[in-house]
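Examining the three-dimensional arrangement
Given next are the chains, with one letter for each unit.
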Amino acid sequence: MDNRPIGVFDSGLGGLTAFKALSKLLPNEDIVYFGDTGRVPYGTRSRETIVKYARQDMAFLQSKDVKMILAACGTVSSVAGSKGELLSDTLNVPFVGVLRPTAREAATATRNGKIGVLGTTATVRSGSYQKELAAINPDLQVFGQDCPLFVPLVESGFVQPGDPITRLTVERYLAPMKEADVDTLILGCTHYPIIAPVISEVMGKDVVLINSGREAARFCVALLAEMELLTEKTAPGERHFYVSDRTEGFSSVAGIFLGQDVQGEVSHIDIDKY
Ligand code: DGL
């Protein structure tokens, strides 16, 4: 048993899709969330910059004495590698990324062996899902597509299913996926589940969408249980949000991700100190 909080981070708000799933699965756990809103997006940056930022994010979470770190960011997880090997060397707590649990779920879900991966440019460029899926089943065909406009659209609140700009952007990015006849589509960036209804409408109802934030949250729960690190508290857990930019900006858009007003304190931190 371990009553310390779970640490979750992302470049911005996308990781809240994982946070939401985690909060629902483990209502009594304390959770510390860090969104690097001052430096989002990560997905257009170099591998070196992403590693540097992720190390600072994790150093901050460790300063909050967390018992596990969930990188709720497809970009960081892809750069970190399957078991987080590139990042976990500085950690003294378990590290979970979205890559492995998401790839496993996609490999189970596909019926025709054709899997699409939507992600940031850094995620798609890394080939992380291709490697992970090939290790599970070398016969799988994997098609990657980066969607750099999705993150700004989501962070700016263009998320209503009827929004014509989002719809057009989704149609443009997904055309090669339809062409490739994928039956399973990985939402490899944790921002994308917010526009899943539009993606599903464009792809058709037979295509299974895999929500990387939710899969990572489920994996975290299983790992905490296996390592006997679940809390013994029985009261609702405390939530604390930290951001590297304005707290007001965070609270208004975070509500879209959480489907409700932010419950818990929101504080600003200077991430350059870590
Ligand atoms: N939410 C992050 C991801 O999952 C990325 C957004 C970004 O910073 O580019 O990849």
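Here the structure is shown first, and the text comes after it.
Conventions adopted
Residues numbered from 1 in each chain as written. Predicted model: local features only at pLDDT ≥ 70, side-chain atom pairs only at ≥ 80, totals over all residues. Heavy atoms only, no water. Helix = DSSP H or I, 4+ residues; strand = E, 2+ residues; numbered from the N terminus. Buried < 20%, exposed > 50% of the residue type's maximum accessible area, 1.4 Å probe, protein only. Polar contact = N/O pair within 3.5 Å; in protein donor to acceptor, adjacent residues only side chain to side chain. Contact = heavy atoms within 4.5 Å. Axes fitted to C-alpha atoms, helices over the stretch in contact; angles between N-to-C directions. Parallel < 35°, antiparallel > 145°, perpendicular 65-115°, else oblique. Left-handed = near helix turned anticlockwise from the far one by under 90°. Nonpolar A, V, L, I, M, F, W, Y, C, P; charged D, E, K, R; others polar. Near = heavy atom within 4 Å. Areas by Shrake-Rupley, 256 points an atom, 1.4 Å probe, with all protein chains shown as cover. Salt bridge = Lys/Arg side-chain N within 4 Å of Asp/Glu carboxyl O. Pairing = 2+ DSSP bridges.

**What to know about the side chain of threonine 75**
Secondary-structure assignment places threonine 75 in helix α3 (residues 74–80). A relative accessible area of 3% places threonine 75 in the buried class. Looking at threonine 75, its side chain comes within polar contact range of the side chain of threonine 120, at 2.9 Å. Those residues within four positions of threonine 75 in sequence are excluded, and the remaining contacts are Tyr42, Gly43, Ile50, Thr120, Ala122 and Thr123.

**Topic: the packing of helix α1 (residues 16–25) against helix α10 (residues 212–226)**
One can describe the packing of α1 onto α10 by two numbers: an axis separation of 8 Å at closest approach and a directional angle of 40°. As far as their axial angle goes, α10 and α1 are oblique. In the crossing of α1 with α10, the sense of the turn from one axis to the other is right-handed. Taking contact as the criterion, the partners of Thr17, Ala18, Ala21, Leu22 and Leu25 in α1 are, on α10, Gly213, Arg214, Ala217, Arg218, Cys220 and Val221. Residue composition of the contact of α1 with α10, by class: 7 nonpolar, 2 polar and 2 charged.

**Considering the site of the ligand**
Neighbouring the ligand are 14 residues; Ser11, Tyr42, Gly74, Thr75 and His191 lie closest to it. With respect to the ligand, the backbone of glycine 43 contributes an N or O atom lying 2.8 Å from an oxygen atom. Histidine 191 has a polar side-chain atom sitting 2.8 Å from a nitrogen atom of the ligand. Here the ligand, which alone exposes 300 Å², has 99% of that area covered by the protein. Classifying every residue of the shell around the ligand by side-chain character gives 6 nonpolar, 7 polar and 1 charged.

**Observations regarding the pattern of salt bridges**
Pairs may arise between side chains of opposite charge once their charged atoms sit close together. Evaluation of the coordinates by the stated rule reveals 14 salt bridges. Note that lysine 233 and aspartate 30 form a salt bridge whose closest N and O atoms lie 2.6 Å from each other. Placement of lysine 233 in the loop between α10 and β9 (239–243) and of aspartate 30 in the loop between α1 and β2 (31–35) is noted, with a sequence separation of 203 residues between them. Residue lysine 233 is classed as partly exposed on the basis of its relative accessible area, which comes to 34%. Judged by relative accessible area, aspartate 30 falls into the buried class, the value being 14%. Glutamate 132 is the partner of arginine 100 in a salt bridge, and the nearest nitrogen-oxygen pair spans 3.8 Å. Of this pair, arginine 100 sits in helix α4 (residues 99–109) while glutamate 132 sits in helix α6 (residues 128–136); the two residues are 32 residues apart in sequence, bridging distant segments of the chain.

**Observations regarding the sheet that holds strand β7 (residues 184–187)**
Ordered in space as β6-β5-β7-β8, the 4 strands form an open sheet in which the pairing is parallel. Each end of this open sheet is capped by a strand with a single partner; those strands are β6 (141–146) and β8 (208–211). Looking at each pair of strands side by side, their axes are set apart by 20° on average, direction ignored. Note that strand β5 (residues 114–119) and β7 share 4 bridges and pair parallel. Residue pairing in the sheet places valine 117 in a bridge with isoleucine 186 of β7. Together, β5, β6 and β7 form the strand contacts of α6, whose direction differs from that of β6 by roughly 165°.

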